[in-house]
Amino acid sequence: MPKKLIKRIFPDMNRIRQHKSLRLFGDRLHDPNLWHLNRRSVAGAFAVGLFSAFVPIPLQMVFAAFLATLFRCNLPISVLLVWISNPITTPPLALFAYKLGNWILGNPPGNLHFEFSIDWLFSLSSNALQPLLLGSLIMGCVASLLGYISVRLYWRYYVLRIWEKRRRKSIDNRKK
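Just so it is clear, the model here is predicted, and its values are computed rather than measured.

The rules behind these values
Residues numbered from 1 in each chain as written. Predicted model: local features only at pLDDT ≥ 70, side-chain atom pairs only at ≥ 80, totals over all residues. Heavy atoms only, no water. Core = buried A, V, L, I, M, F, W, Y, C linked by side-chain atoms within 4.5 Å. Buried < 20%, exposed > 50% of the residue type's maximum accessible area, 1.4 Å probe, protein only. Helix = DSSP H or I, 4+ residues; strand = E, 2+ residues; numbered from the N terminus. Phe/Tyr/Trp six-rings, centres within 6.5 Å; stacked < 30°, edge-to-face > 60°. Salt bridge = Lys/Arg side-chain N within 4 Å of Asp/Glu carboxyl O.

J.: Looking at this structure, I do not really get the nonpolar core. What am I missing?
T.: As a rule of thumb, soluble globular proteins bury nonpolar side chains together. If you look at the biggest cluster of nonpolar residues, it comprises 12 residues: L29, L34, W35, V48, F51, V55, A65, L67, A68, C73, L75 and V79. The greatest single-element share of this core, amounting to three residues, is contributed by helix α4 (residues 60-71). The next biggest cluster of nonpolar side chains, apart from the first, holds 11 residues, and it includes A53, F54, A128 and A143.

J.: Can you walk me through the packing of aromatic side chains in this structure?
T.: Where two aromatic rings form a pair, the distance of their centres and the angle of their planes describe that pair. Counting across every chain of the model gives three aromatic pairs. Between F51 and F63, the ring centres sit 6.5 Å apart and the planes meet at 45°, which makes this aromatic pair tilted. Within this pair, whereas F51 is found in helix α3 (residues 39-54), its partner F63 is found in helix α4, the two being separated by 12 residues in sequence. On the accessibility criterion, F51 (19% relative accessible area) is buried. Ring centres of Y154 and Y157 lie 6.4 Å apart, and the angle between their planes is 45°; this geometry places the pair in the tilted category. Placement of both Y154 and Y157 in helix α8 (residues 126-175) is noted, with a separation of three residues, approximately one turn of the helix. Relative accessible area serves as the criterion here: at 40%, Y154 is assigned to the partly exposed category.

J.: Please clarify how the pattern of salt bridges should be interpreted in this entry.
T.: This model, assessed by the stated rule, comprises two salt bridges. The salt bridge partner of E164 is R168, with a shortest N-O separation of 3.4 Å. Here E164 pairs with R168, and both are found in helix α8, just four residues apart, close to one helical turn. A network of salt bridges, in which partner residues are shared, links E164, R167 and R168.

Printed below as a string of structure tokens:
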């Protein structure tokens, strides 16, 4: 895994612990699992971050940080993955979530005019909000599960590849 690169890119955990906006989490930020890069922590961070990215609520990063502290997975990766849903990707994601929700509920497809604003979100009728929330929840769960499984499988593949290289190197050294 590119641990050295990730550690170089991410800010120091002590600096993050002292950040004003994260003080609401209190002493929970001192849990070492929130900062370690291991298979369980990173896979959990992908699950939390991807789920949070698809939940159509304001302050998704705070929601991801809350879930990361609750499930004791890597906090910076969880918060970073929320940016999958950004002002550019949110309209197509919301439209797909709305259509998915309508399809699952068996509703006829309606025309949904999407605007990236809080006023638009509050103006949605319950007819549009229910399919949007259901579709978003399903997309978040699927993305979360796929992210978790993908990280676990890739991490295992990476470790097995390192072991194989060590084994070959050991065999080559014995032959000499």
